[in-house]
Each structure stands twice: as structure tokens, then as C-alpha cells.
Amino acid sequence: MIFIGKENVSGILDKGIKAAAVCESGETVVFETRDCYDDAVVSEERPLGDKDNPIENPATGPLYVKDALPGDVLKVEILDIQVRNWGVMRSSASCGVFHEDFSERTARIFQLENRELKDGKPAEVWFDDTLKLQLDPMIGVIGTAPAGDGITTDTPNSHGGNMDCRKIVTGTTLYLPVNVEGALLSMGDLHALMGDGEVLICGLETGGNVTVRVSVLKESGLKGVRIPTPFLNCRGDVMTIQSAGTLDEAGEMAAKAMKEFVKAAAKKDDLEAGMLMSLLSNMAVCQVVDPLKTVRMEFPLKVLEAYGYVLP
Ligand code: CA
Ligand code: CA
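Quick notes on the rules
- Residues numbered from 1 in each chain as written.
- Chains lettered and ligands numbered in written order.
- Predicted model: local features only at pLDDT ≥ 70, side-chain atom pairs only at ≥ 80, totals over all residues.
- Heavy atoms only, no water.
- Helix = DSSP H or I, 4+ residues; strand = E, 2+ residues; numbered from the N terminus.
- Contact = heavy atoms within 4.5 Å.
- Axes fitted to C-alpha atoms, helices over the stretch in contact; angles between N-to-C directions.
- Parallel < 35°, antiparallel > 145°, perpendicular 65-115°, else oblique.
- Left-handed = near helix turned anticlockwise from the far one by under 90°.
- Nonpolar A, V, L, I, M, F, W, Y, C, P; charged D, E, K, R; others polar.
- Donors = N, O, S within 2.8 Å, 3.2 Å for Na, K, Ca; no water.
- Pairing = 2+ DSSP bridges.
- Buried < 20%, exposed > 50% of the residue type's maximum accessible area, 1.4 Å probe, protein only.

Draft legend 1. The environment of V88, seen in detail. Looking at the element boundaries, V88 is found in strand β8 (residues 86–90). Distance in space between the C-alpha atoms of V88 and R108 is 5.6 Å, their sequence separation being 20 residues. Here V88 is in contact with D35, Y37, V41, R108, I109, G203, L204 and E205, once residues within four sequence places are set aside.

Draft legend 2. Structural detail: the packing of helix α1 (residues 247–266) against helix α2 (residues 270–280). Here α1 crosses α2 at 120°, and the two axes come no closer than 9 Å. Compared by their axis directions, α1 and α2 come out oblique. Relative to α2, the crossing made by α1 is right-handed. Here A255, M258, K259, E260, V262 and K263 of α1 come into contact with α2, specifically with D270, A273, G274, L276 and M277. The residue inventory of the contact of α1 with α2, partitioned by class, reads six nonpolar, one polar and four charged.

Draft legend 3. Inspection of the coordination of the calcium ion (ligand 1) at higher detail. Those donors, N162 (OD1), D164 (OD), D164 (OD) and D189 (OD), are the protein atoms that reach the calcium ion (ligand 1), and they lie 2.2 to 2.4 Å from it. In this structure, the calcium ion (ligand 1) is positioned 3.4 Å from the calcium ion (ligand 2), and both are ligated by D189. One end of the pair, D164, is in the loop between β15 (160–161) and β16 (173–177); the other, D189, is in strand β17 (residues 183–191), with 25 residues separating them in the sequence.

Draft legend 4. Region of the structure containing the sheet that holds strand β22 (residues 282–287). One open sheet holds the nine strands; their spatial order is β1-β5-β19-β7-β16-β20-β21-β23-β22, and the pairing between them is mixed. Unpaired on one side and paired on the other, β1 (2–4) and β22 mark the two borders of the sheet. Shown here is a sheet whose adjacent strand axes are inclined to one another by a mean of 25°, direction ignored. Two elements, strand β7 (residues 73–83) and β16, share five bridges in a ladder whose sense is antiparallel. What sits directly across from V73, in β16, is P177.

Draft legend 5. Expanded view of the pairing of β16. Where burial is concerned, most of β16 is hidden: five out of the five residues are buried. Alternating positions in β16 separate into two faces, T173, Y175 and P177 on one and L174 and L176 on the other, with burial throughout. With three bridges joining them, β16 and strand β20 (residues 231–234) adopt antiparallel strand pairing. Counted as the bridge partner of Y175 is F231 from β20.

The following block contains the structure:
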């Protein structure tokens, strides 16, 4: 199995970055990731961290996938997310919905328990002496290299990136665009737990190992139904994930992308696709705290399958 260690990190997804590893389509790869503070905030006494120039949201990679060419779709099956045994949250006086509440940075360290998923129970964290929370580890930053200028890992866009979609968890499949030869997949910014919005500015930030299987989907394999990337298959729903300057824009983009997909997959016209979405589709906020805001539109896959669609 290919392993990409967390010494291979960057704060930008860029086609000019040399590949850390090369794989065949269909291979399984492990990405070891740092936390979003570059593993530098290890003590509540030192909330600014222990590095002079930490990388913000370091992403591990990139992975070059053979035969991936611009126009293809990269299928990324999230086989496993193992988070380390501690996480960290930090306030910000400049970013996040509540930044005016804070005049300086404060850090909290949390110990994560049962991280080996013993007895099938999810890992847990004690928030304080009273409250124990179940973890739901997710990937905050995951994307391919854009075709043009690089995009820093604080920003989500059509290449993926800092989408902070809490639905990107173990057992789901993410579809990303291939913009450059080899796709150049990177990921990082794991959250042991996060709510929609990520309103403070962070999730329960942590590092760990992410195991994925990556496959190249060619146009011919899509059977005439374009997959509107970034696109997620999660726990029975498919989701378009779109980012824009405002939530309104991102929401409209996500809805319109899903409608085109429903039209093609279920062979419906605009009216019936719109009706089905108005009845069955849920719009949700991924995050409101990054340079672009992210919204997802969810639709039940079984409805599309009832019309004969098979998601590749
Ligand atoms: Ca993030
Ligand atoms: Ca984060």
C-alpha cells in the first residue's frame, strides 16, 4: 500500500508541486495528515503555537494518479479515517462568526478516547466534566490541483479544497475534477467532530491517517451523465458541493448543479427535476467561515436508481 507521510505538505494546491507519490487507478493510498495548525499548537499555555511560520491548513500530497487527464473525474473512496488521540480548538479575534468576542487567541486541547473504534463504538471526547461527545471524523481539506493558478488551502472552490463538508467521512465517495495530468490529489485538516457552519472558525482539529482508493473515471464510463464535481455519495444521499462569495450564490450553484444531474440521471425535464428536488432535496450549509462559503445540496440516490441510474 502506498503511504504518503506528513512531511509532504503544502499550503497550496498547485499543479507545480512535485508529486509525493504515484499510483495506478484503483490503488489504495494512505495519507498521513497534520492538523490545521501545522501540528504546532500542542499546549493550552501556548495558543500561538511552537512554530515560527506554521503552514495554515497543510495538505498532504500531492498524489499523481496515472492515466488521469483533464476532463476525467477522480473517484476517491474514503475507506478509513483514523484520527490521533488528541484534538485542539482555537479562538480567533479576526475570523469566524464570533470573532468580536475575543481579543486574543485561546487554545483548548481535548483527549480523544477509544480511537481504535473498539466494539464498533465511535470514538468519544469529554468536552468538560459533564458532556461526552461522539466523534464523527471528517476531512476538511481535500482537492485536486486547479488548472490555473494554485489555490491556497484556506479556500474551497471547484477543485475541492477547504470545503469543510462534515459529510466527507469514512465510507463515503467523493468525486473531484481532474484539471491537470495526474490529478494531484491532496488532503488534510481533519476534524474529529464539526457542526454545519463551523461557526467559531474551527472544528475539533486533529491529524491522522486517511485511507482512500482512487480511480479515474473516463467520459465513456459516465454513460452520458456528467458528475457535477465536487460531488459526494454519503450514507444514501448524493450531494453537490459548491463554494462562492456568499451563501446565496453557493446555494443556487449547488441546487442548479444537482438539478442538471437529476435531469440526466433520472431522465427528467426541468419541471419534474425541479419538483423532485423541491420534495426530496435538502440544502445545507457546510461552512460560513472560509474565504468562500460552501453549501451542499443533497438528494436521495435511491430515487435516481429507481429510474435506472447507476452511480459509477
Ligand atoms: Ca477547514
Ligand atoms: Ca479546520
